[in-house]
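# Architecture and fold: a report
One letter stands for each residue in the lines below.
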Amino acid sequence: MTINPMIAKAVDSLFLRLGQPAEHNGKTVPILVFAPDEMGEVGFANTISPTTLIRVRVSDAPDLAVGDTFECGGATYRIMSDPRREQHRLVWRAEVSCD
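Cut-off values and rules
- Residues numbered from 1 in each chain as written.
- Predicted model: local features only at pLDDT ≥ 70, side-chain atom pairs only at ≥ 80, totals over all residues.
- Heavy atoms only, no water.
- Helix = DSSP H or I, 4+ residues; strand = E, 2+ residues; numbered from the N terminus.
- Buried < 20%, exposed > 50% of the residue type's maximum accessible area, 1.4 Å probe, protein only.
- Contact = heavy atoms within 4.5 Å.
- Areas by Shrake-Rupley, 256 points an atom, 1.4 Å probe, with all protein chains shown as cover.
- Salt bridge = Lys/Arg side-chain N within 4 Å of Asp/Glu carboxyl O.
- Core = buried A, V, L, I, M, F, W, Y, C linked by side-chain atoms within 4.5 Å.
- Expected span 1.5 Å × (residues − 1).
- Polar contact = N/O pair within 3.5 Å; in protein donor to acceptor, adjacent residues only side chain to side chain.
- Phe/Tyr/Trp six-rings, centres within 6.5 Å; stacked < 30°, edge-to-face > 60°.
- Lys NZ or Arg CZ within 6 Å of the ring centre and 35° of its normal.
- Disulfide = S-S within 2.5 Å.

## Some remarks on the overall build of the protein chain
For the protein chain, the helix and strand inventory stands at one helix and nine strands. Listing each helix as α and each strand as β along the protein chain from the N terminus yields α-β-β-β-β-β-β-β-β-β. The buried share among the 99 residues of the protein chain stands at 30%. Across the protein chain, contacts joining residues at least 24 apart in sequence account for 44% of those joining residues at least 6 apart. As displayed, the protein chain offers around 6500 Å² of accessible surface, 53% of which is attributable to carbon and sulfur atoms.

Written out as structure tokens, the structure reads:
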């Protein structure tokens, strides 16, 4: 799959403008932090549970894995499940816990 340079430039611009600086493996990288409610089902009842997600550029963390941490603004985010790359394979999306 070839990467469209315009999309790569847009992703870089997004992270540089909106990203929060975080320490990861000894270097500072920009991350985006989201806290959406996740819908689930238990029997016949719907449940809503809070989650925390981060997005980080693949170029900043090429080997992202469960257990990796990001320290940002006094909080430590630990990857809880296997990270997934988004559509253009430029950004990781991962569920995290906040310590």
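## A word on the pattern of salt bridges
Tallying each qualifying case throughout the model produces four salt bridges. We note a salt bridge from Glu86 to Arg55, for which the minimum N-O separation is 2.4 Å. With Glu86 in the loop between strand E8 (84-85) and strand E9 (91-98) and Arg55 in strand E5 (residues 52-57), this residue pair connects regions lying 31 residues apart in the sequence. The shortest N-O distance in the salt bridge between Arg78 and Asp99 comes to 3.8 Å. Taken as a pair, Arg78 in strand E7 (residues 75-79) and Asp99 in the segment after E9 lie far apart in primary sequence, 21 residues in all. A relative accessible area of 54% means that Asp99 is categorised as exposed.

## Section: the nonpolar core
Ile31, Ile54, Val56, Leu64, Phe70, Tyr77 and Ile79 are the most contacted members of the largest nonpolar core, which totals 16 residues. Counting only elements with at least two residues in this core, the list comes to strand E2 (27-34), E5, strand E6 (69-72), E7 and E9. Of all hydrophobic cores here, the second largest spans five residues; its members include Val11, Leu32, Leu90 and Val91.

## Looking at helix H1 (residues 5-18)
Here H1 contains 14 residues, and its C-alpha end-to-end distance of 20 Å stays within 8% of the 20 Å for a straight helix at 1.5 Å per residue. Structurally, the start of H1 carries an N-cap: the backbone nitrogen of Met6 is 2.8 Å from a side-chain oxygen of Asn4.

## What about the packing of aromatic side chains?
Evaluation of the coordinates by the stated rule reveals zero aromatic pairs. A cation over a ring is seen here: Arg55 above Phe34, with NZ or CZ 4.6 Å from the ring centre.

## Some words on the state of the cysteines
Inspection of every chain in the model, using the stated rule, returns zero disulfides. Of all cysteine sulfurs, the one in Cys72 lies closest to Cys98, which takes part in no disulfide; the gap is 9.2 Å.

## Points about the side chain of Arg55
At a separation of 2.4 Å, a polar atom in the side chain of Arg55 contacts the side chain of Glu86. When residues no more than four places from it in sequence are discounted, the contact partners of Arg55 are Phe15, Ile31, Leu32, Phe34, Glu86, Val91, Trp92 and Arg93.

## Considerations on the side chain of Arg57
Mapped onto the fold, Arg57 is located in strand E5. When its relative accessible area of 10% is taken as the criterion, Arg57 is described as buried. Looking at Arg57, its side chain comes within polar contact range of the side chain of Asp12, at 3.1 Å. Apart from residues lying up to four places away in sequence, Arg57 is in contact with Val11, Asp12, Phe15, Leu16, Pro30, Leu90, Val91 and Trp92.

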